[in-house]
Amino acid sequence: MAANEMIQVSNLTKKFGKLTVLDNISTAFRAGEVVSIIGPSGGGKSTFLRCLNLLEVPTSGQILFDGINICDKKTDINLHRQKMGMVFQQFNLFENMNVLRNLTAAPIKIKKTPREEAEQNAFRLLDRVGLRDKAASYPSQLSGGQKQRIAIVRALMMEPEVMLFDEPTSALDPEMIGEVLDVMKALAESGMTMIVVTHEMRFAREVSARTLFLEGGHIEEDKPSHQLFENPESPRLISFLKKVL
Amino acid sequence: MTFFTNAWQTLEKYYPFFLEGVENTLIIAFFSVFFGTLLGILMAMARLSNIKPFKWLATAYIEFFRGTPLMVQLMFIFYGLPMIGVTFPDVPFIENFQRFAAGIVAMSLNSCAYVAEVIRSGIQAVDSGQMEAARSLGFKKSQSMMMVVLPQAIRNILPALGNEFVTVIKESSIVSVIGIADLMYRTNGVKAKNYKTLECLFIAAMIYFVMTFVSSRLIALMERRLRRGRK
């Protein structure tokens, strides 16, 4: 195993009852890498991502994160989730808290960051996504694009080593997709390790260095993005790209 | 018009009876709601627990108590259990303690099943993404529950819980069958004295209505307070 491999997935299988969603998947993600995962709906993309921070418990196989097997029952998963930020398709901002509390709750309660420091960090990050003036708003008062930018900031507040994005733009109105992708692009440029399940082929192609094509529970193709899009090899990928591009 | 005159005269003459009935009805309802809610919270926790035996027991309990008449449960406890030697102790300085204890226990056990369902559905109505987002940040399950899920569930729970309180006030009239001098029992007593059946029942209905109406207004007020605090 190379020293800079942050996440090492071996023989990951996930079944829901009789249905096999992920079938013996092995791959690895290096620190600083930006990887997109594309593929048809129901192909296992989201399940794969959710296995990485154990929102779904794998049926078999192992996932090493910083060399520690997080599937092991003895591993403190809460500790590892702190290092893996997650952004959801449906934003999932805490509806009962305003934006500032959404951002500071985890650092204050989990990391014991002093409130003042947490709030300073929050405002610094809100500035970066242009939403400082929304600090006192409740999620129900924000647009989808604003919610998703706040959700990204909320995950960043824990200073994670890797960011997982689960179709971050799929629930957005078309005119709001850009503002979220811009934030993600800036994040990628800052050197953050990112794994992005997406339907945004342009993002996959232009921002991520590497793209996985996941279909039927298998990784059908795994290549540098420009190669994958310019010279797709498997017939399934070719037909998928024909439909979406 | 004679109806209202008769009703008024009945009330004038027998109001101490009705008043005592109201007092006992409120005592029964208050303690039943109190213990019913307390037990209901525990029962809901067991029902939602990941520990299988807890879940099964709680589910069986809830189904059973919601699926059998309160009357049967009450008689089972007051008349049935003493047959196998299970009785409530007599407390000398509280009159009729045995009866009251049986009434409150039966009503609490019954109400607890309904409260548990109200709480369970209130919690499950909160979008599962809220829990997932909290867990993904590193919160423990219990922390996620306390900080994120429960504050949102309360808003679903409170109105339904209010209904349950009102129901308990009304249902408590059933304890008259084991000889507790609640409003219904006293109404029957007055009825037997003056033979003014319709008037007596009218008075009882009005008093019950005032009690439930006041309670439901108070609960609505609380709900509004809660909503204002949030948004």
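Conventions adopted
Residues numbered from 1 in each chain as written. Chains lettered and ligands numbered in written order. Predicted model: local features only at pLDDT ≥ 70, side-chain atom pairs only at ≥ 80, totals over all residues. Heavy atoms only, no water. Helix = DSSP H or I, 4+ residues; strand = E, 2+ residues; numbered from the N terminus. Rg over C-alpha atoms; globule rule 2.2 N^0.38 Å. Buried < 20%, exposed > 50% of the residue type's maximum accessible area, 1.4 Å probe, protein only. Contact = heavy atoms within 4.5 Å. Core = buried A, V, L, I, M, F, W, Y, C linked by side-chain atoms within 4.5 Å. Pairing = 2+ DSSP bridges. Axes fitted to C-alpha atoms, helices over the stretch in contact; angles between N-to-C directions. Expected span 1.5 Å × (residues − 1). Right-handed = clockwise from strand over helix to strand, strands pointing away. Buried area = accessible area lost by both parts, 1.4 Å probe. Salt bridge = Lys/Arg side-chain N within 4 Å of Asp/Glu carboxyl O. Polar contact = N/O pair within 3.5 Å; in protein donor to acceptor, adjacent residues only side chain to side chain. Phe/Tyr/Trp six-rings, centres within 6.5 Å; stacked < 30°, edge-to-face > 60°. Lys NZ or Arg CZ within 6 Å of the ring centre and 35° of its normal. Parallel < 35°, antiparallel > 145°, perpendicular 65-115°, else oblique. Left-handed = near helix turned anticlockwise from the far one by under 90°. Nonpolar A, V, L, I, M, F, W, Y, C, P; charged D, E, K, R; others polar.

Engineer: I'm lost on the overall build of chain A in this one. Help?
Structural biologist: The helix and strand inventory of chain A stands at nine helices and ten strands. Taking 18 Å as the expected radius of gyration for a compact globule of 245 residues, we find that chain A reaches 18 Å, a close match to that expectation. Projecting the C-alpha coordinates of chain A onto the three principal axes gives extents of approximately 50 × 45 × 35 Å. A burial count over chain A gives 57% of its 245 residues as buried. Long-range pairs, those at least 24 residues apart, make up 65% of the contacts in chain A between residues at least 6 apart in sequence.

Engineer: Can you walk me through the nonpolar core in this structure?
Structural biologist: Of all hydrophobic cores here, the largest spans 41 residues; its most connected members are Ile-7, Phe-29, Phe-48, Leu-52 and Ile-195 of chain A. Leaving out residues up to four positions away in the same chain, Ile-7 of chain A has contacts with Thr-27, Ala-28, Phe-29, Leu-52, Ile-63, Leu-64, Phe-65, Met-84, Val-162 and Ile-195 of chain A.

Engineer: Would you explain the sheet that holds strand β9 (residues 210–215) of chain A in this entry?
Structural biologist: Sheet strands associate in pairs through backbone hydrogen bonding, adopting either a parallel or an antiparallel arrangement. All names here are of chain A. Taken in spatial order, the six strands make up an open sheet running β6-β7-β8-β3-β9-β10, and their pairing is mixed. Pairing within the sheet leaves two strands with one partner each, and these edge strands are β6 (84–87) and β10 (218–224). Strand after strand, the sheet turns through a mean of 15° between neighbouring axes, direction not considered. One ladder, built from four bridges, connects strand β3 (residues 34–38) with strand β8 (residues 193–197); its direction is parallel. Residue pairing across strands places Val-34 opposite Met-194, the latter belonging to β8. Sheet contacts for helix α1 (residues 45–52): β3, β6, β7 (162–166), β8 and β9; angle to β7, the most-contacted strand, approximately 150°.

Engineer: Explanation requested: helix α5 (residues 144–156) of chain A in the structure shown.
Structural biologist: An α-helical turn contains 3.6 residues, so any two residues separated by three or four positions project in the same direction. Relative to the 18 Å expected for 13 residues at 1.5 Å per residue, α5 of chain A spans 18 Å between its end C-alpha atoms, a close match to the ideal helical length. Of all 13 residues in α5 of chain A, 13 are buried, a share of seventy percent or more.

Engineer: Just to check I follow, could you spell out the pairing of β7 of chain A for this structure?
Structural biologist: On a regular strand, one side chain projects to one face of the sheet and the next to the other, so that they alternate. Residue and element names in this part refer to chain A. In terms of burial, β7 is largely enclosed, as five of its five residues are buried. Of the two faces of β7, the one holding Val-162, Leu-164 and Asp-166 and the one holding Met-163 and Phe-165 are both buried throughout. Sheet analysis places β6 next to β7, joined by four bridges and oriented parallel. Residue Val-87 lies in a different strand from β7, and its bridge partner there is Phe-165. As paired strands, β7 and β8 are joined by five bridges and run parallel to one another. Each residue of the ladder has a partner; that of Met-163, found in β8, is Met-194. Traced from β7 through helix α6 (residues 174–189) to β8, the parallel crossover comes out right-handed.

Engineer: For this particular structure, what's the right way to read the pairing of β10 of chain A?
Structural biologist: Residues and elements named next belong to chain A. Taken together, the six bridges between β9 and β10 define a ladder with antiparallel strand orientation. If you follow Glu-215 over to β10, its bridge partner there is His-218. Between β9 and the antiparallel strand that follows it, β10, lie two residues; Gly-216 among them carries a positive phi value of about 60°.

Engineer: What am I meant to see in the environment of Asn-4 of chain A here?
Structural biologist: If you trace the backbone, Asn-4 of chain A turns up in the segment before β1 (5–16). Contacts of Asn-4 of chain A, omitting those with residues within four sequence positions, involve Arg-30 and Ala-31 of chain A.

Engineer: Explain the interface of chain B and chain A to me, please; I cannot follow it from the model alone.
Structural biologist: You'll often see interface size given as the accessible area lost when the parts meet. Across the contact, 18 residues belong to chain B and 25 residues belong to chain A. Summed over both partners, the interface of chain B with chain A comes to about 1,900 Å²; 58% of that surface belongs to carbon and sulfur atoms. Three residues stand out in chain B for area buried against chain A, namely Ser-136, Leu-137 and Met-147 of chain B, and they jointly supply 31% of the buried area on that side. A salt bridge links Arg-50 of chain A to Glu-132 of chain B, with the shortest nitrogen-to-oxygen separation between them at 2.6 Å. Between chain B and chain A we count seven residue pairs in polar contact (both at pLDDT 80 or more) in total. For the side of chain B that touches chain A, the secondary-structure elements that each account for two or more residues are α5 (128–137) and α6 (141–171) of chain B. When residues of the side of chain B that touches chain A are assigned to their parent elements, the largest contribution, eight residues, is made by α5 of chain B.

Engineer: Before we go on, may I ask you to explain the packing of aromatic side chains in this structure?
Structural biologist: By the definition in use, this model includes 14 aromatic pairs over all chains. Ring centres 5.2 Å apart and planes at 80° place the aromatic pair Phe-3 of chain B and Phe-4 of chain B in the edge-to-face group. On the numbers, 5.3 Å between centres and 75° between planes, the contact of Phe-34 of chain B with Phe-35 of chain B is edge-to-face. An aromatic cluster of three or more residues is present, and its members are Phe-30, Phe-31, Phe-34 and Phe-35 of chain B. One cation-aromatic arrangement involves Arg-154 of chain A over Phe-94 of chain A; the distance from NZ or CZ to the ring centre is 4.4 Å.

Engineer: Mind showing me how you'd approach the packing of helix α2 (residues 52–67) of chain B against helix α4 (residues 97–124) of chain B here?
Structural biologist: The geometry of a pair of packed helices is captured by two quantities: the angle between their axes and the separation between those axes. All names here are of chain B. Relative orientation of the contacting elements α2 and α4 amounts to 120°, with a least axis distance of 9 Å. Considering the angle they form, α2 stands oblique to α4. Two packed elements cross with a definite hand, and for α2 against α4 that hand is left-handed. Where α2 abuts α4, its residues Tyr-61, Ile-62, Phe-65 and Arg-66 lie against Leu-109, Asn-110, Cys-112, Ala-113, Tyr-114, Ala-116 and Glu-117. Tallied by class, the residues present in the contact of α2 with α4 amount to eight nonpolar, one polar and two charged.

Engineer: Would you mind going over helix α3 (residues 99–109) of chain A with me for this structure?
Structural biologist: Burial within α3 of chain A is extensive, with nine of its eleven residues counted as buried. If you check which residues of α3 of chain A are buried, you get Val-99, Leu-100, Asn-102, Leu-103, Thr-104, Ala-105, Ala-106, Pro-107 and Ile-108 of chain A. Lining the buried residues of α3 of chain A we find α4 (115–128) and α5 of chain A together with α5 and α6 of chain B. For α3 of chain A, the side-chain oxygen to backbone nitrogen distance between the N-cap and Leu-100 of chain A is 3.2 Å, and the N-cap itself is Asn-98 of chain A.

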